[in-house]
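Chain residues, written in single-letter form:
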Amino acid sequence: MTRQDNITAASGLFNEDLEMIRNQLRRFIETEVTAKAEPWEEEGMVPRDVLRRMGDLGVLGMRYDEQYGGAGLDVMSSVVLAEEVGRSTFGGFSATVLVHTDMASPHLENAGTPEQKARWMPSITSGEMITAVAVTEPGAGSDVAGMRSRAVRDGSDWVLNGTKMFITNGVHGDLYFVGAKTDPDAKGSRGITMFAVEKGTPGFSVGRALNKTGWLCSDTAELIFEDVRIPAENVLGEVNRGFYSVMKNFQNERIVLGAMACAEAQTALDMTVDYVKQRRAFGGVLWDKQAVRQRLADCQTRIAAGRQLVYHAAGLDAAGGDCVKEVSMVKAYCGELVNSVLYDCVQFHGGMGYMRETPVERMSRDARVQAIGGGASEVMLEEVAKRM
């Protein structure tokens, strides 16, 4: 067992089936992702055949009904997936997978009709169809109430106009779950509706692929909607109630991001401990220095605390409990944690930690967005404060 596995086993939350899934995922990721993903960073995307093979493994629809190719599991399966993709050392790969499984497609699971699920879900779980969620706009990120995209009813259709920004899987996605204002007179976040929009729909285009600091193998886009005609059967859930769908899925999204962040931090820390035990300096190795040992021990302690916070929130969610405060803590704490740990890991790798050839350099760039995406730390702390 690795150091990370010892903590996982001690939690008691993962049954034999989940551990089998974990081991299967780990083997796949070590051989098919970590060992091969360097070129993906230059290409700006994860090859779709890799995602289809993950679909063949059965890990892209673990939360969904068996009739659609799923496994009917709960949030703990998402935690396992997030931890294992987080170990890959490629944050862009993790983002591509987790947006599809736990941030976009849940909108169909939570609000879709039986007909909508039968139409799209089998292709989602198989990896033939990759999903994205388009809520964020140039002037409306964490502040969903600032959304300016509009959809107007026209006969049996809706006509959508607007721009979405920072959309993961936006360039190469196949099915987009798009939020738009459908009641312009509604105050704040009210009056939003979610729509399913397929690639190739007239008027829908990728404005541009976005260049990022990290997550380079994750395709991210600006999306343009110009008089996009959407049939009424593509409305997800109730008209004007889309905000509640977005908020509902934020809880799952933030648990998954917390699990991913902790796994990334643990993986980078393990690499750094191995490095400082071999790196010779000042007549010995860096591990001989008390300041180095204690700082890394502090990192390990904080990672362990973060993982237990993730498991606690996930356990509450799986039991149907009210966990908005705990999930907000997870997102705030773990997003900052992975950045802090990666800072120390780069520091103790010295000059090599600043070289593009080392995983910790890439991981340090990938980590930065963890305190922003899915709910900025400051927004999350406000959610905690409201419930204190």
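Residues numbered from 1 in each chain as written. Predicted model: local features only at pLDDT ≥ 70, side-chain atom pairs only at ≥ 80, totals over all residues. Heavy atoms only, no water.

As enumerated under the stated definition, the model contains zero disulfides in all. Cys262 takes part in no disulfide bond, and the closest cysteine sulfur to it belongs to Cys334, at a distance of 3.6 Å. The exposure class assigned to Cys262 is buried, which follows from its relative accessible area of 1%. Accessibility expressed as a relative area gives 1% for Cys334, which makes it buried. (Disulfide = S-S within 2.5 Å. Buried < 20%, exposed > 50% of the residue type's maximum accessible area, 1.4 Å probe, protein only.)

In this section: the packing of aromatic side chains. Applying the stated criterion across every chain, the model contains six aromatic pairs. Each ring, one from Phe14 and one from Tyr311, has its centre 5.2 Å from the other, and the planes form 75°; the classification is edge-to-face. Of this pair, Phe14 sits in the loop between helix 1 (3–11) and helix 2 (16–34) while Tyr311 sits in helix 10 (residues 290–318), and the two are 297 residues apart along the sequence. Assigned by exposure class, Phe14 and Tyr311 land together as buried. By way of ring pairs, the aromatic residues Tyr176, Phe204 and Phe225 are connected into one cluster. (Phe/Tyr/Trp six-rings, centres within 6.5 Å; stacked < 30°, edge-to-face > 60°. Helix = DSSP H or I, 4+ residues; strand = E, 2+ residues; numbered from the N terminus.)

On to the pattern of salt bridges, then. Applying the stated criterion to the full structure yields 25 salt bridges. Of the charged contacts in the structure, one is a salt bridge between Glu361 and Arg356, with a shortest N-O distance of 3.1 Å. Under the relative-accessibility criterion, Glu361 is labelled buried at 7%. What you see here is one network of salt bridges that share partners, running through Glu19, Arg22, Arg26, Glu30, Glu83, Glu84, Arg87 and Arg307. (Salt bridge = Lys/Arg side-chain N within 4 Å of Asp/Glu carboxyl O.)

By size, the foremost hydrophobic cluster in this structure holds 89 residues, and its most contacted members are Met54 and Phe93. Broken down by element, this core gets its largest block of residues, 15 residues, from helix 9 (residues 242–276). Beyond its immediate stretch of four places on either side in the chain, Phe93 contacts Ile29, Val33, Trp40, Val46, Val50, Met54, Val85, Ser88 and Cys217. (Core = buried A, V, L, I, M, F, W, Y, C linked by side-chain atoms within 4.5 Å. Contact = heavy atoms within 4.5 Å.)

Here the focus is the pairing of strand 1 (residues 131–134). Side chains on a regular strand alternate between the two faces of the sheet. Going residue by residue along strand 1, you find Thr131 and Val133 tucked away on one face and Ala132 and Ala134 tucked away on the opposite face as well. Looking at chain direction, strand 1 and strand 4 (residues 175–181) are connected through four bridges and run parallel. Its bridge partner being in strand 4, Ala132 is matched across the sheet by Tyr176. (Pairing = 2+ DSSP bridges.)

Before going further, it helps to spend a moment on helix 13 (residues 377–386). All of the buried residues in helix 13 are Ser377, Met380, Glu383 and Val384. The buried side chains of helix 13 occupy one side of the element, clustering within an arc of 120° when seen end-on. Summarising the geometry of helix 13, the exposed residues directed more than 90 degrees from the buried face are Glu378 and Lys386. On its buried side, helix 13 packs onto helix 9 and helix 11 (324–349). (Arc of directions from axis to C-beta.)

What follows deals with the packing of helix 10 against helix 11. Look at helix 10 against helix 11: their axes get within 10 Å of each other, and the N-to-C directions meet at 155°. It follows from the interaxial angle that helix 10 and helix 11 lie roughly antiparallel. The handedness of the crossing between helix 10 and helix 11 is left-handed. Partitioned by chemical class, the residues of the contact of helix 10 with helix 11 number 18 nonpolar, four polar and four charged. (Axes fitted to C-alpha atoms, helices over the stretch in contact; angles between N-to-C directions. Parallel < 35°, antiparallel > 145°, perpendicular 65-115°, else oblique. Left-handed = near helix turned anticlockwise from the far one by under 90°. Nonpolar A, V, L, I, M, F, W, Y, C, P; charged D, E, K, R; others polar.)

Let us look at the UniProt feature "domain: Acyl-CoA dehydrogenase/oxidase C-terminal" (unreviewed entry) in the chain. Mapped onto this structure's residue numbering, the UniProt feature "domain: Acyl-CoA dehydrogenase/oxidase C-terminal" (unreviewed entry) falls at residues 240–388. Taken end to end, residues 240–388 comprises 73% helix and 3% strand; its first and last C-alpha atoms sit 30 Å apart. (UniProt positions renumbered as here; feature names shortened; annotations may be inferred.)

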